[in-house]
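Next come the chains, spelled out residue by residue.
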Amino acid sequence: MTEHNLTVDVYARWSDVPPRYRIYVDGDLLTERDFTWPGHDVFIREKIIVAVTPGNHTLKVVQINDHGTIRTENVTLNGTPSSLDFTTTE
Amino acid sequence: MFLTELAEPTLLVIYPGRFQPFHKGHYAVYEYLTGKFGRNNVYIATSNKTDNAKSPFTFAEKAYFMQLTGVPADRIVQATQPYQIQNVLQSGNINVANPANTVVIFAVSEKDMAEDPRFSFAPKKDGSAPYFQPLRDIKQTESMDKHGYIMTVPTFDFTVAGQPMRSGTELRKLYSTADQQERQEIIKDLFGKYTTEAEQIMNNKIPAEQAEPVAEAISQFVPAQKTSQDGYYKLLAYRYRQNPGLLSAKEKQELHDYIQNLKTVKESGGTGVVASKKQANDPRYSTSLTKDVRPGQINKSLKAFNLAEQEREPYQQAVDRLTQHEIDHLSSLIDEIKQRITTEKLPAKYVEALKQRIEKLQAERAKLAFNP
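Residues numbered from 1 in each chain as written. Chains lettered and ligands numbered in written order. Predicted model: local features only at pLDDT ≥ 70, side-chain atom pairs only at ≥ 80, totals over all residues. Heavy atoms only, no water.

Draft legend 1. Focus on the overall build of chain A. Scanning chain A for helices and strands turns up 0 helices and 8 strands. In chain A, buried positions account for 48% of the 90 residues. The contacts of chain A with a sequence gap of at least 6 include a subset with a gap of at least 24, amounting to 74%. Total accessible area on chain A is roughly 4200 Å²; 47% of this is exposed by carbon and sulfur atoms. (Helix = DSSP H or I, 4+ residues; strand = E, 2+ residues; numbered from the N terminus. Buried < 20%, exposed > 50% of the residue type's maximum accessible area, 1.4 Å probe, protein only. Contact = heavy atoms within 4.5 Å. Areas by Shrake-Rupley, 256 points an atom, 1.4 Å probe, with all protein chains shown as cover.)

Listed below in C-alpha cells is the structure:
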C-alpha cells in the first residue's frame, strides 16, 4: 500500500445549529465534525492521508443532521485536481 | 469671451470616470446632470484601460452596464484620457461645430475632487490661470478653447444586497465573496435588472475570492484487511496451530506479514485539527469544531451503521497472536536445529555454533513469553 494525500474543502451554510458531517474512505469512517464556523465563504480543508492499494477508491462527506447544508469543493489527490471517486496508482 | 456674450452658446457636459463597474450610483449622477443641463448635452466618457484588480472592465463591458441602467448608447464616449476635452472629442461621437461658441463642463464627484490633484486650480508657474476652473456661475464662463469648468456632483448612496455601497472597490469585494444567488441579487441592485450577460461579465472579471481555510483537519486512513483475506489467513493460522510443518516457508512468511500488518493498522488511527497560531486561541478549536473518532471507536461506529462487512480483530488479540506466532516460530527453529545436531554428522565446531544459536533463540523466546 502506498500513501497518498487527499484534500477536500468542506463549506457549510447554517444559521442556528451547525451541520455535522462524517468522512468515509471506501466505507470506513474516518472522522465526524461539527462545522461551527459562520459564513458561507469559509471552509475546512480536510487533509486525508490514505494508504491504499492501487485502484479505485471513494471519499464520502456525509451530513448526518438536518441543520443547514454542507457542500464539498476542490478535491485534490497528491496536489492535482481529482473527484470524490479517485484512482490511485503506485 | 464670456458665455453671456456668445451667440447661441452650446453647452457640453462630460461625466468622466473609471466606472469599474458603472452602477446605479453613477446613473443617479447622470440623471442629475441631464435634469440640470438637458439630455442632449450630457455625455459619459470612459477609457478602455484595464488592469487585473482595480480596473477589470473594458470599455465595451462598461458600456453594456451603462445601457443596462438606462444610459442611451449615443451618450457613451470612449476616450483614452476622459478628463482631456481634445481626447474626448477625438472619439467622433460628439460634434462640436464651433469651439469658440461652446462651454465645456466636467462633472466630478466630491470624492474625486478631494483625491485628484488635477483639480486644485492653482495658478501655473507663469501665473496664468490653468485650463480647468471651478464652475461658480455659468454666466461667467468662457468657451472651451480657453477653459474647461469643473462642477462638483454629489455621491449618491445606494444599497446592494442590503449593504450600503459607495465605491467600486466595496462592490467588487462584496461580489467576490457572494454565492450565485447573491450575485444575481447584486446585479439586479446594480443595474436595475438582471441579465445572464451581465452575470457572465461580472463573473469573468470578479472571480470568487480564494478564501483561506478556517481550519485544516488532518486524518489518516489505513484500510482494514478484506474479509476474504481474513479468511485465508485465519485458515493459515489454523493449519499452523495444528502443525507448523503443514505451512511452507512462504506461507509462514505471509502469515507473519499479515499479523504485523494488523498491528500497523491498529496503531495508525487518530485524527485531529491543526490550528494556526492565530487560531490557537479561538475557543471553537477547543470546543465543538471537531468531534473526532477516538481510537477503538471506528469498529463500534462501523457496526452501528452497518458498514462493516466483518468486525475487525481487536488490537490486543492481534498482538497476542503475533507474539504467540513468533514464539512458535522460534520453537520450531530450535527443534529444527536440535534435530540437525542429533541426526546429521556435523563437525564439532559447527555443533558448538548451533548450540550457541539455540541458546540465543531460547533467550528470545523467553523474553517474548514473559507477559507481566
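Alright, that's what it looks like, and here's the rest.
Draft legend 2. Highlighting the pattern of salt bridges. Residue and element names in this part refer to chain A. Scanning all chains against the criterion turns up 8 salt bridges over all chains. A salt bridge links R20 to D34; its shortest N-O distance comes to 2.6 Å. Taken together, the positions of R20 in strand β2 (residues 20–25) and D34 in strand β3 (residues 28–34) put the pair 14 residues apart, joining distant regions of the chain. Classification of R20 by relative accessible area gives partly exposed; the value is 27%. Notably, a salt bridge pairs E46 with R33, separated by 2.5 Å at the nearest N-O pair. Note that E46 is positioned in strand β4 (residues 43–52) and R33 in strand β3, a separation of 13 residues in sequence. Classification of E46 by relative accessible area gives buried; the value is 0%. (Salt bridge = Lys/Arg side-chain N within 4 Å of Asp/Glu carboxyl O.)

Draft legend 3. Structural context of the packing of aromatic side chains. Per the stated rule, a full pass over the model turns up 10 aromatic pairs over all chains. Ring centres 5.2 Å apart and planes at 75° place the aromatic pair B:Y15 and B:F19 in the edge-to-face group. Taken together, the ring pairs connect B:F57, B:Y64, B:F65 and B:F191 into an aromatic cluster. Over the ring of A:Y11 we find A:R71; its NZ or CZ atom is 4.3 Å from the centre of that ring. (Phe/Tyr/Trp six-rings, centres within 6.5 Å; stacked < 30°, edge-to-face > 60°. Lys NZ or Arg CZ within 6 Å of the ring centre and 35° of its normal.)

Draft legend 4. Quick peek at the sheet that holds strand β2 (residues 42–46) of chain B. Residues and elements named next belong to chain B. The sheet built from 6 strands is open, its strands ordered β3-β2-β1-β4-β6-β5 with parallel pairing. Looking at strand neighbours, the two that pair on one side only are β3 (76–78) and β5 (132–134), the edges of this open sheet. Across the sheet, the mean angle separating the axes of adjacent strands is 35° when strand polarity is ignored. (Pairing = 2+ DSSP bridges. Axes fitted to C-alpha atoms, helices over the stretch in contact; angles between N-to-C directions.)

Draft legend 5. The layout of surface pockets, seen in detail. All names here are of chain B. Estimated volume of the largest pocket: approximately 970 Å³. Lining the largest pocket are 41 residues, with G17, R18, F19, Y83 and D112 positioned closest to its centre. When the residues that make up the lining of the largest pocket are grouped by side-chain class, the tally is 13 nonpolar, 16 polar and 12 charged. (1 Å grid on protein atoms, 1.4 Å probe; cavity = no way out; pocket = protein on both sides within 12 Å on 5 of 7 lines; lining within 4 Å. Points joined across faces, edges and corners; volume = space filled by probe spheres on them. Nonpolar A, V, L, I, M, F, W, Y, C, P; charged D, E, K, R; others polar.)

Draft legend 6. Up close: the pairing of strand β1 (residues 2–13) of chain A. Relative to β4(A), β1(A) runs antiparallel, the two sharing 10 bridges. Note that in β4(A) the partner of A:N5 across the bridge is A:I49.

Draft legend 7. Region of the structure containing unusual backbone geometry. That bond from B:Q20 to B:P21 is cis: its omega, -5°, falls within 30 degrees of zero. Mapped onto the elements, B:P21 comes out in the loop between β1 (10–16) and α1 (24–37). Even without being glycine, A:N74 reaches a positive phi, approximately 55°. Residue position: A:N74 is located in strand β6 (residues 69–77). Despite not being glycine, B:F19 has its phi angle at roughly 50°, a positive value. Summarising the element assignment, B:F19 is placed in the loop between β1 and α1.

Draft legend 8. Here's a closer look at helix α2 (residues 59–69) of chain B. All names here are of chain B. The buried count for α2 comes to 8 of 11 residues, which makes it a mostly enclosed element. For α2, the set of buried residues is F59, E61, K62, A63, F65, M66, L68 and T69. Buried-residue contacts for α2 involve α1, β2, β3, α6 (180–191) and α7 (196–205).

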